[in-house]
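Residues per chain, in single letters:
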Amino acid sequence: MPPSPTASERTRQLRRVALSGLLGTAVEFYDFLVYGTVAALVFGELFFPGADPAVGTIAAFGTFAAGYVARPIGGIVFGHFGDRLGRKNMLLLTMGLMGGASFLIGLLPTYDTIGVWAPVLLITLRVVQGIAIGGEWGGATLMVVEHAGERRRGLWSSFTQMGAPLGSLISAAVVALVSTLPKDQFAAWGWRVPFLLSVLLLGVGLFVRLKVVESPLFAEVKKDRAESRLPVLDVLRRPRPVLLACGVGIGAFTAQSLLTSYLISYATGIGYPRPQVLTALTVSAAVALVVLPCASALSDRIGRRPVVLTGAILSAATAFPVLALVDSKSSGALILAVVIGHGISQSLMYGPLGALFSEMFGTKVRYTGASLGYQGATLVGAGFSPMIAGSLVASSGNGTPVALLLCGGSLITALTVWFVRETSRTSLTDPASELPTPTRTEEITA
């Protein structure tokens, strides 16, 4: 039997796993979010030509939604094998799928070249992206949480959570750079560059991930031959934690999609120059990189629920003021709006979710359960919000539906979090944590 690792070795491995979670998730979210940014800029005219501009934008966001529809499928598939075979191998596979799909999108012929096959292939590759990222978050988060100690799971899990704004920051910066090209050159070839660059990022991510070791908690389950044969059935047999996780996450993902991907289309539509909008998104992502670890660390001290609830209330309260700032057509007001709505409010809701969702499920089904909760929330909160917002704004002629959707998603989170028991002091190795949902006694005492 090999000797147990020393405290310094465990700390070194935890740092390596956290770096892997940060870089790997950043690469995957870069690939996933580049699509949303480019879809808002040119996909309507390139893949859905001949339609009214508003209809083309809605169609482009329809393919955007296809990626979110596929995410729960990825959560189920990779969750199953992650709970059965291990976290690390699934993370290598999800990254390879995402990088390959993104690279191929960069090579796709447009409608003018191959006709209807262009949008068909685009949707297919978007679905592959969705499946890949559907399995990414759960595995990356669990690797960090299951390596971390009992007292700082929130802080360490924030490294994975920071992958989303870091990926957004990189994608916005790359798209901002290529969008300085003349409009005809950007439409002809410039939009392909961010997708083709994913190959370089893929190499970096895989290099880091190959150096991490398997989760110690999963290794213990595997050694005792205690893994679940069908994790998804075990989770759905008592679905309360998954439904609660979905509800808690809806506000964060509604804010994310409306104030990033959809904002590009909305703001440029009312007269903002494209570079100003991308600059606002870049500033917001930079702020989120600071707020996320602070919110996650705070959740270790005062609990996950109070931090998420604070973010939800703040998001709901500022939804209409944020829209008013955007509608002012001032570049400074636009930056302030995105920072308040996304950089701060959304980050408070999003930061603790990695630890919270992991703590709601036992080790035998944790990958599946956490992934289903997270991806279900993204499907409802982010998958259809841009398309719904685009349709409502086109019919109403104003941005009020955007604020209503943002406020509604935040209120769903605020309401749902009241029904979730506090998990920040839950032991991941406690046999009781193997239950997919709390017992009646736990519900009462919570």
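Residues numbered from 1 in each chain as written. Predicted model: local features only at pLDDT ≥ 70, side-chain atom pairs only at ≥ 80, totals over all residues. Heavy atoms only, no water.

J.: Any chance you could break down the overall build of the protein chain for me, citing the residues and the numbers?
T.: Secondary structure assignment for the protein chain yields 22 helices and 0 strands. For the protein chain, with 446 residues in total, the buried portion stands at 58%. Put simply, 87% of the contacts in the protein chain that link residues at least 6 apart link residues at least 24 apart. Here the protein chain has roughly 17,000 Å² of accessible surface; of this, 68% comes from carbon and sulfur atoms. (Helix = DSSP H or I, 4+ residues; strand = E, 2+ residues; numbered from the N terminus. Buried < 20%, exposed > 50% of the residue type's maximum accessible area, 1.4 Å probe, protein only. Contact = heavy atoms within 4.5 Å. Areas by Shrake-Rupley, 256 points an atom, 1.4 Å probe, with all protein chains shown as cover.)

J.: How would you sum up the packing of aromatic side chains? Please name residues and give values.
T.: For the coordinates displayed, the defined rule picks out 9 aromatic pairs. Between the aromatic rings of Trp-137 and Phe-357, the centroid separation amounts to 6.1 Å while the plane-to-plane angle is 75°, which identifies the pairing as edge-to-face. Taken together, the residues Trp-137 in helix H5 (residues 117-147) and Phe-357 in helix H18 (residues 353-359) connect sequence positions 220 residues apart. Considered together, Trp-137 and Phe-357 belong to a single accessibility category, that of buried residues. Seen from their ring centres, Phe-253 and Tyr-374 are 4.9 Å apart, and the 80° between their planes marks the pair as edge-to-face. Of this pair, Phe-253 sits in helix H13 (residues 240-258) while Tyr-374 is found in helix H19 (residues 366-383), placing the two residues 121 residues apart along the sequence. Overall, Phe-253 belongs to the buried group, its relative accessible area being 1%. On the accessibility criterion, Tyr-374 (0% relative accessible area) is buried. Grouped by ring-pair contacts, the aromatic residues Trp-137, Phe-253, Tyr-350, Phe-357 and Tyr-374 constitute a single cluster. Geometry around Phe-186 places Arg-274 over its ring, the cationic atom sitting 5.0 Å from the centre. (Phe/Tyr/Trp six-rings, centres within 6.5 Å; stacked < 30°, edge-to-face > 60°. Lys NZ or Arg CZ within 6 Å of the ring centre and 35° of its normal.)

J.: Which residues make up the confidence of the model for the protein chain, and what values go with them?
T.: Mean pLDDT over the protein chain works out to 84, with 89% of the residues at or above the 70 mark. Across residues 431-446, where pLDDT falls below 50, the model places 26 contacts with residues more than four positions away in sequence or in other chains. (pLDDT = per-residue confidence, 0-100.)

J.: Describe the packing of H5 against H19, and please don't skip the residues or the numbers.
T.: Put simply, H5 and H19 touch, their axes get as near as 9 Å, and they point 125° apart. Accordingly, the angle class assigned to the pair H5 and H19 is oblique. In terms of crossing hand, the pair formed by H5 and H19 is right-handed. Residues Ile-133, Gly-134, Gly-135, Trp-137, Gly-138, Gly-139, Leu-142 and Glu-146 of H5 pack against Arg-366, Tyr-367, Ala-370, Ser-371, Tyr-374 and Gln-375 of H19. Across the contact of H5 with H19, the residue classes break down as 6 nonpolar, 6 polar and 2 charged. (Axes fitted to C-alpha atoms, helices over the stretch in contact; angles between N-to-C directions. Parallel < 35°, antiparallel > 145°, perpendicular 65-115°, else oblique. Left-handed = near helix turned anticlockwise from the far one by under 90°. Nonpolar A, V, L, I, M, F, W, Y, C, P; charged D, E, K, R; others polar.)

J.: Could you give me a rundown of the side chain of His-147, with the residues and numbers involved?
T.: Position of His-147 relative to the elements: it lies in helix H5. The buried category is assigned to His-147, whose relative accessible area is 17%. A polar contact of 2.7 Å, which involves the side chain of His-147, links it to the backbone oxygen of Met-143. Here His-147 is in contact with Gln-13, Leu-14, Val-17, Leu-142, Val-213, Glu-214, Ser-215 and Pro-216, once residues within four sequence places are set aside. (Polar contact = N/O pair within 3.5 Å; in protein donor to acceptor, adjacent residues only side chain to side chain.)

J.: I'd love a proper account of a positive patch on the surface, names of residues and values included.
T.: Together, Arg-15, Arg-151, Arg-152, Arg-301 and Arg-425 make up a region of like positive charge exposed at the surface. Of note, Arg-151 is situated in the loop between H5 and helix H6 (153-161). On the basis of relative accessibility, which here comes to 74%, the residue Arg-151 falls in the exposed class. (Patch = residues over 30% accessible without salt bridge, like charges linked within 9 Å, V, L, I, M, F, W, Y side chains within 5 Å. Salt bridge = Lys/Arg side-chain N within 4 Å of Asp/Glu carboxyl O. Lys, Arg positive; Asp, Glu negative; His and termini not counted. Charge placed at Lys NZ, Arg CZ, Asp CG, Glu CD.)

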